[in-house]
Amino acid sequence: MGVKSKFGIFILACAVLGIALFVFTQKEPYSTEAVMDSLWVKHNVQSTMIGDTDPVLDVSVYDEKDITVVKSYLENNLSEEDLEHYKLNVYQYSENPFEFIKNAQENRESDYK
């Protein structure tokens with residue numbers, strides 16, 4: 001193998017390494033907001049909210065079977081600090097306002113008794 005071939009392989013390896021390093025450093029930094037916003041793309045949620053006065057991450061879903069899927073997604077993607085600080089409240093959306101309020105408060109009441 002000639003000097004030109006070795007030099008070409010070295011340049012190619014540096015280019016691949018440089019591209020990989022660039023892609024790795026361009027990842028979005030972690031934030032609670034980014035994880036909550038990703039629910040809109042990854043899962044068909046009806047609404048999301050990060051509590052200001054109450055430390056609650058509130059998510060309503062259209063289908064009851066999505067509750068465990070969304071809760072699991074949040075538990076796997078939120079930081080340990082967020083999981084310790086916030087209570088996860090994932091519930092089913094309803095067009096009936098009374099049923100919606102009942103669903104939303106069902107999991108929260110146990111914390112405030």
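First, a word on scope: everything that follows refers to the structure included in this document. (Residues numbered from 1 in each chain as written. Predicted model: local features only at pLDDT ≥ 70, side-chain atom pairs only at ≥ 80, totals over all residues. Heavy atoms only, no water.)

## Here we look at the overall build of the protein chain
This is how the line gets drawn: Here a strand is any run of E in DSSP of at least two residues, a helix any run of H or I of at least four, and the numbering for each starts at the N terminus. For every residue, the accessible area obtained with a 1.4 Å probe (protein chains only) is divided by the maximum for its type, and the residue is called buried under 20%, exposed over 50%, and partly exposed between those limits. Any two residues whose heavy atoms approach within 4.5 Å at even a single point are treated as in contact. All accessible areas in this document rest on Shrake-Rupley with a 1.4 Å probe, and a residue is counted as covered only by the protein chains that are shown.
What the protein chain contains, in helices and strands, is 5 helices and 3 strands. Along the protein chain, from the amino end to the carboxyl end, the secondary structure elements read α-α-β-β-α-α-β-α. Per-residue burial for the protein chain yields a buried fraction of 26% across its 113 residues. For the protein chain, the proportion of contacts with a sequence separation of at least 24, taken over those separated by at least 6, is 48%. As presented, the protein chain carries roughly 8,400 Å² of accessible surface, and 58% of it is formed by carbon and sulfur atoms.

## Considering the pairing of strand S2 (residues 56-61)
Cut-off, in case you're wondering: Strand pairing is defined by DSSP finding a minimum of two bridges between the two strands.
Most of S2 is tucked away, with 6 of its 6 residues classed as buried. Connecting strand S1 (residues 45-50) to the next strand, S2, in antiparallel fashion are 5 residues. Taken together, the 6 bridges between S2 and strand S3 (residues 87-92) define a ladder with parallel strand orientation. Note that in S3 the partner of Val61 across the bridge is Gln92.

## Remarks on the packing of aromatic side chains
The test is simple: Here the aromatic set is Phe, Tyr and Trp, taking the six-membered ring for Trp, and pairing holds for ring centres within 6.5 Å; pairs whose planes are under 30 degrees apart are stacked, those over 60 apart are edge-to-face, and all others are tilted.
Per the stated rule, a full pass over the model turns up 1 aromatic pair. Arranged with centres 5.9 Å apart and planes meeting at 75°, the rings of Tyr62 and Tyr93 form a pair that is edge-to-face. Of this pair, Tyr62 sits in the loop between S2 and helix H3 (66-77) while Tyr93 sits in the loop between S3 and helix H5 (97-106), and the two are 31 residues apart along the sequence.

## What to know about a nonpolar patch on the surface
Test applied: Within the patch definition used here, like charges are joined within 9 Å and nonpolar side chains (Val, Leu, Ile, Met, Phe, Trp, Tyr) within 5 Å, considering only residues with over 30% relative accessible area and no salt bridge. Each salt bridge in this description consists of a side-chain nitrogen of Lys or Arg and a carboxyl oxygen of Asp or Glu lying within 4 Å of one another.
Among the surface-exposed residues, Phe7, Phe10 and Ile11 lie close enough to one another that they form a single nonpolar patch of about 330 Å² accessible area. Examined against the element boundaries, Phe7 turns out to sit in helix H1 (residues 3-25).

## Observations concerning the pattern of salt bridges
Per the counting criterion, the structure on display carries 2 salt bridges. Here Lys65 ties to Asp63 by a salt bridge, and the two come within 3.8 Å at their closest N and O atoms. Lys65 is paired through a salt bridge with Asp66; the nearest N and O atoms lie 4.0 Å apart. Salt bridges sharing common partners tie together Asp63, Lys65 and Asp66.

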